[in-house]
Amino acid sequence: METFLTDLARFASLQDANTRTVALGTCALGVACGVVGCLATLRRRALLGDAVAHAALPGVCAAFFLVQTRSFAALMIGALVFGALAAGLVALVRAWTRVREDAAIGIAIGSFFGLGVVWSGLISRRPEGAAAGLDGFIFGKAASMTGADAAAVCAVAAASLAVVALLYKEFKALAFDEEFSAAQGWPTFALDLLVMALVCACTVAGLPAVGVVMVVALLVIPPAAARCWTDRLGLMLVLAGGMGMLAAAVGVGLSAALPAPRGALTRGWPTGPLIVLVAAAFFVFGALFSPRRGALAQMRRRAVEAPPS
Amino acid sequence: MNFLSLIDWWTLAIAALCAASCGMVGAFLVIRRLSLLGDAVSHSVLPGLGAAFMLAGSRSPAAMMAGALAAGVLTAALAAGVRRIGRLPHDAALGVVFTSLFALGVLMITWVAGSIDLDPGCVLYGLLELASLDRVDLLGCSVPRALPWQAGLFAGNLLLVVLLFKELRITSFDPLLATALGIHAGAVHAVLLTAVSATIVVSFEAVGSILVVALLVAPGATAQLLTDRLGRMVALSAAIGAGAATLGYLGAVALNANIAGMIAVAAGGMFMLAAVVAPRYGVGARALRHASLTLRIAREDILGVLYRVGERGPGGAQAALQHAQAVRAAGATIFARVACHQLRRRGLVEQRGDELALTPRGLEEARRIVRAHRLWESYLAQNLPLPLDQLHEASERFEHFMPRQMQEQLASEIGRQPDPHGREIPPG
């Protein structure tokens, strides 16, 4: 217990340079994913990030194939290009065929990831061997985040937030009333593409830190939690961003402070899952106790409306 | 080396059976817009596996299977609850549930990490490569252990689809009608979800999670592009799945690559192919339909213009128009040029030097179009208080689509008076 408190104090004072980096990077990621995730969820495209994240694997392979080194920037660009390709294909399938978005996303997840598995397998069999574990890039490890990674994540987060702030009015109309947005003469399709681009950027920025599933969680759970409390987009964005950041901070703190599991090979608990579970706890809290939408409030209302006869 | 000698028929049979089983239930997921359930369940079985290990204390297959199945059903149920309470779209609710469960699973695995060997690579990519090495005795012959499992799964799914086809169909398209007919939509849904979970769990071990995700969605969506009938769609989906498995397996053998990944790529490739070339719903077919409609409209516009020029000119209805003018009349696009060419080839117009003129057959055709145009103008002028200059636009569009029967009706209603612009309506 004492070590736990000491570790927690050490984390809270941000003395440790590594913890500081990880905390900064994941918090920035939490804010950006929360805000961008709101837009994606309201456009009924919550799991687009899932397709983008899985498409990053062949992207990473393609980048390695082209530049033949594990340069972080090249891998990121490859992931971004393939993520955008997957998102674009999903949008085209939706626009041009009768197949629905969820099916298109499912196909993109399976086929792109399958391509990545094939490609990374072929690459890693080559004699150079430098490619072993390319897929590690997309499964993420927050604890190994470097200062440069954190700076990149912060830059992407800042850019995403700036775009959302600048185009707030347009995004709001797009999210709630596409026809109105079109009638205003705003480029609905371009705005839609911009939302997808933001999802791509945040997903790819988050992959090396927290991995495929956890970055999807950061895009989906904080918006869902925020939606329990409000119907207003502005408040929802602020709440989701705040909860994303708080979940990241608490998760990193827990990971630094919790005693390592017995017999574990690694030191301490993995950061990504802890962040996600904290965010999930926020959602459960909101779903139960929110005054208007919460399960308890709904039950009480029902009891008042229909008193036992 | 002979390519055929590299093929392991047992592996191919396992992959094809698995793909067909996934395709059958996957078709219903696609129809019900639950395509991402496969993705969700294949992630959230992780805590089920962890819990089963903690409770049973070993990696016994029965315990693992039970844990994974329970987690799969739990995912679907939780997603339904989250969706209702959080008022979220279905995919968002699914996302909340499966990522949380997956995170929980990772922590559980970390907790017991010292005493369990769960290889994430094995879960993701499957072990199709090794499937035929792990043998059991069945009726006296040695077969891969996965084969009886996959065969049983296939039989079970087939039985479910055949026995519950009517119920599945009606609850997929019209749950309210189903309830009115006394079919419990929720119960049918639960049965389907259980079957999907069982399919995922059984296929998981043999082919890996990522392939299950691909095979649950891609064949169903491909079949959806090829047919409108549900029965045909389910059968096609199973066949397409088996086809993708075969194609992917052969490709993997040829490239010496990961089999599961290659099959997933083949399934995605077949979908893309169908999306482009499917006879009715493909992008290509749609583009062709669009192009042929554009051409027909351009042809009819040229005929109409030639007719009107002839009406005004001194030479009677047979007057001619510069070729360039005709192209301009039909929008001056590439379609207009092709339309001119088609009219000439069909003998509706003839070229005299640089001029186009209507042939007798062309004249007849042109009269029909102009008649439709002017009838509609007259009708609009009689029945709607529209200014004269707005009649032409509307009729210019509708002339191409007015059925013959409607022409006769309008003609008998309007009689033999000229159109609102004072020009004669050509007799039919």
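This text follows the structure it describes.
The structure displayed is predicted, hence computed values, not measured ones.

Reading the values: the criteria
- Residues numbered from 1 in each chain as written.
- Chains lettered and ligands numbered in written order.
- Predicted model: local features only at pLDDT ≥ 70, side-chain atom pairs only at ≥ 80, totals over all residues.
- Heavy atoms only, no water.
- Helix = DSSP H or I, 4+ residues; strand = E, 2+ residues; numbered from the N terminus.
- Buried < 20%, exposed > 50% of the residue type's maximum accessible area, 1.4 Å probe, protein only.
- Areas by Shrake-Rupley, 256 points an atom, 1.4 Å probe, with all protein chains shown as cover.
- Axes fitted to C-alpha atoms, helices over the stretch in contact; angles between N-to-C directions.
- Parallel < 35°, antiparallel > 145°, perpendicular 65-115°, else oblique.
- Left-handed = near helix turned anticlockwise from the far one by under 90°.
- Contact = heavy atoms within 4.5 Å.
- Nonpolar A, V, L, I, M, F, W, Y, C, P; charged D, E, K, R; others polar.
- Buried area = accessible area lost by both parts, 1.4 Å probe.
- Salt bridge = Lys/Arg side-chain N within 4 Å of Asp/Glu carboxyl O.
- Polar contact = N/O pair within 3.5 Å; in protein donor to acceptor, adjacent residues only side chain to side chain.
- Core = buried A, V, L, I, M, F, W, Y, C linked by side-chain atoms within 4.5 Å.
- Pairing = 2+ DSSP bridges.
- Phe/Tyr/Trp six-rings, centres within 6.5 Å; stacked < 30°, edge-to-face > 60°.
- Lys NZ or Arg CZ within 6 Å of the ring centre and 35° of its normal.
- Patch = residues over 30% accessible without salt bridge, like charges linked within 9 Å, V, L, I, M, F, W, Y side chains within 5 Å.

Peer 1: I'm lost on the overall build of chain A in this one. Help?
Peer 2: Helix and strand content of chain A: 14 helices and 0 strands. Order of helices (α) and strands (β) in chain A, N terminus to C terminus: α-α-α-α-α-α-α-α-α-α-α-α-α-α. A buried classification covers 55% of the 309 residues belonging to chain A. Accessible area for chain A stands at about 13000 Å²; split by element, carbon and sulfur atoms hold 68% of it.

Peer 1: Before we go on, may I ask you to explain the packing of helix α5 (residues 101-124) of chain A against helix α11 (residues 209-226) of chain B in this structure?
Peer 2: The description of two packed helices rests on the angle between their axes and on the distance between the axes. Orientation of α5 of chain A relative to α11 of chain B, taken along the N-to-C sense of each, is 135°, at an axis distance of 8 Å. On the basis of the axis angle, α5 of chain A is oblique to α11 of chain B. Judged by the sense of rotation from one axis to the other, the crossing of α5 of chain A with α11 of chain B is left-handed. Contacts from Ala 103, Gly 106, Ile 107, Ile 109, Gly 110 and Phe 113 of chain A of α5 of chain A reach α11 of chain B at Ile 210, Val 213, Ala 214, Val 217, Ala 218 and Ala 221 of chain B. Across the contact of α5 of chain A with α11 of chain B, the residue classes break down as 10 nonpolar, 2 polar and no charged.

Peer 1: Looking at this structure, how should I read the interface of chain A and chain B?
Peer 2: It is common to report an interface's size as the accessible area lost on association of the parts. Taken residue by residue, the interface counts 56 residues in chain A and 55 residues in chain B. Both faces combined, the contact of chain A with chain B buries some 4900 Å², and carbon together with sulfur accounts for 73% of it. One can count 1 salt bridge joining chain A with chain B. With a shortest N-O distance of 2.9 Å, Arg 98 of chain A and Asp 228 of chain B are connected by a salt bridge. Inspection of the region where chain A meets chain B yields 7 residue pairs in polar contact (both at pLDDT 80 or more). If you tally residues by element for the side of chain A that touches chain B, the top one is α5 of chain A, at 14 residues.

Peer 1: When you look at unusual backbone geometry in this model, what are you seeing that I'm missing?
Peer 2: All names here are of chain A. In this model, Arg 44 sits at a positive phi of 55°, which is unusual for a non-glycine residue. Positionally, Arg 44 belongs in the loop between α2 (17-42) and α3 (48-67). Looking at Arg 44, the relative accessible area reads 57%, which means it is exposed.

Peer 1: Explain the nonpolar core here, please?
Peer 2: The tendency in soluble globular proteins is for nonpolar side chains to be buried as a group. Formed by 195 residues in total, the largest nonpolar core has its most connected members in Phe 283 of chain A together with Leu 37, Leu 128 and Leu 216 of chain B. Discounting chain neighbours no more than four positions away, the residues touching Leu 128 of chain B are Thr 11, Ile 14, Ala 15, Ala 206, Val 207, Leu 211, Ile 259, Ala 260 and Ile 263 of chain B. The next biggest cluster of nonpolar side chains, apart from the first, holds 22 residues, and it includes Leu 295, Ala 298, Leu 348 and Val 370 of chain B.

Peer 1: Where do I start with the pairing of strand β1 (residues 135-138) of chain B in this structure?
Peer 2: Residue and element names in this part refer to chain B. The pairing of β1 with strand β2 (residues 141-144) spans 4 bridges and is classified as antiparallel. Within the sheet, the bridge partner assigned to Leu 138 lies in β2 and is Cys 141. Turn length for the β1-β2 hairpin, with the two strands adjacent in sequence and antiparallel, is 2 residues, and the turn residue Leu 139 shows positive phi of about 50°.

Peer 1: So what exactly am I meant to see when it comes to the packing of aromatic side chains here?
Peer 2: Aromatic ring pairs: the centre-centre distance and the angle between the two ring planes describe each pair. Overall, the coordinates contain 7 aromatic pairs over all chains when judged by the stated rule. Taking the centre distance of 5.3 Å and the plane angle of 20° together, the rings of Trp 376 of chain B and Tyr 379 of chain B count as stacked. Note that Trp 376 of chain B and Tyr 379 of chain B are positioned in helix α17 (residues 360-383) at a spacing of 3 residues, about one turn of the helix. An aromatic cluster is present here, built from Trp 229, Phe 285 and Phe 289 of chain A joined pairwise through their rings. Between the NZ or CZ atom of Arg 98 of chain A and the centre of the ring of Tyr 281 of chain B, over which it lies, the distance is 3.7 Å.

Peer 1: I would appreciate a short explanation of the pattern of salt bridges in the present structure.
Peer 2: A side chain of one charge can pair with a side chain of the opposite charge if their charged atoms are brought near each other. For the coordinates displayed, the defined rule picks out 12 salt bridges over all chains. Put simply, Glu 365 of chain B and Arg 368 of chain B hold a salt bridge, and the shortest N to O gap is 3.2 Å. Of this pair, Glu 365 of chain B and Arg 368 of chain B both sit in helix α17, separated by 3 residues, roughly a single helical turn. If you follow the salt bridges from partner to partner, you end up with Arg 43, Arg 45, Arg 94, Glu 101, Glu 178 and Asp 192 of chain A in one network.

Peer 1: Even after reading the chapter, I still don't get the packing of helix α3 (residues 37-56) of chain B against helix α5 (residues 90-111) of chain B, so can you show me in this structure?
Peer 2: Residues and elements named next belong to chain B. Where α3 contacts α5, the axes come no closer than 8 Å and their chain directions differ by 30°. On the basis of their axis angle, the class for α3 and α5 is roughly parallel. At the point where α3 passes α5, the crossing takes the left-handed sense. Packed against α3, whose contacting residues are Leu 37, Asp 39, Ala 40, His 43, Ser 44, Leu 46, Pro 47, Gly 50, Ala 51 and Met 54, the element α5 presents Leu 94, Phe 98, Leu 101, Phe 102, Gly 105, Val 106, Met 108, Ile 109 and Trp 111 at the interface.

Peer 1: Sorry, what's going on with a nonpolar patch on the surface here?
Peer 2: All names here are of chain A. Together, Trp 229, Val 284, Phe 285, Leu 288, Phe 289, Leu 296 and Met 299 make up an exposed nonpolar region whose accessible area comes to about 660 Å². Taken together, the elements giving at least two residues each to the nonpolar patch come down to α13 (271-289) and α14 (295-305). For the nonpolar patch, the element with the highest residue contribution is α13, accounting for 4 residues. Inspection of the secondary structure assignment puts Phe 285 in helix α13.

Peer 1: Explain the pairing of strand β5 (residues 355-358) of chain B here, please?
Peer 2: Regular strands show a simple pattern: their side chains alternate between the two faces of the sheet. As defined by bridge partners, strand β4 (residues 349-352) of chain B adjoins β5 of chain B across 4 bridges and the pair is classed as antiparallel. Bridge pairing in β5 of chain B links Val 349 of chain B to Leu 358 of chain B.

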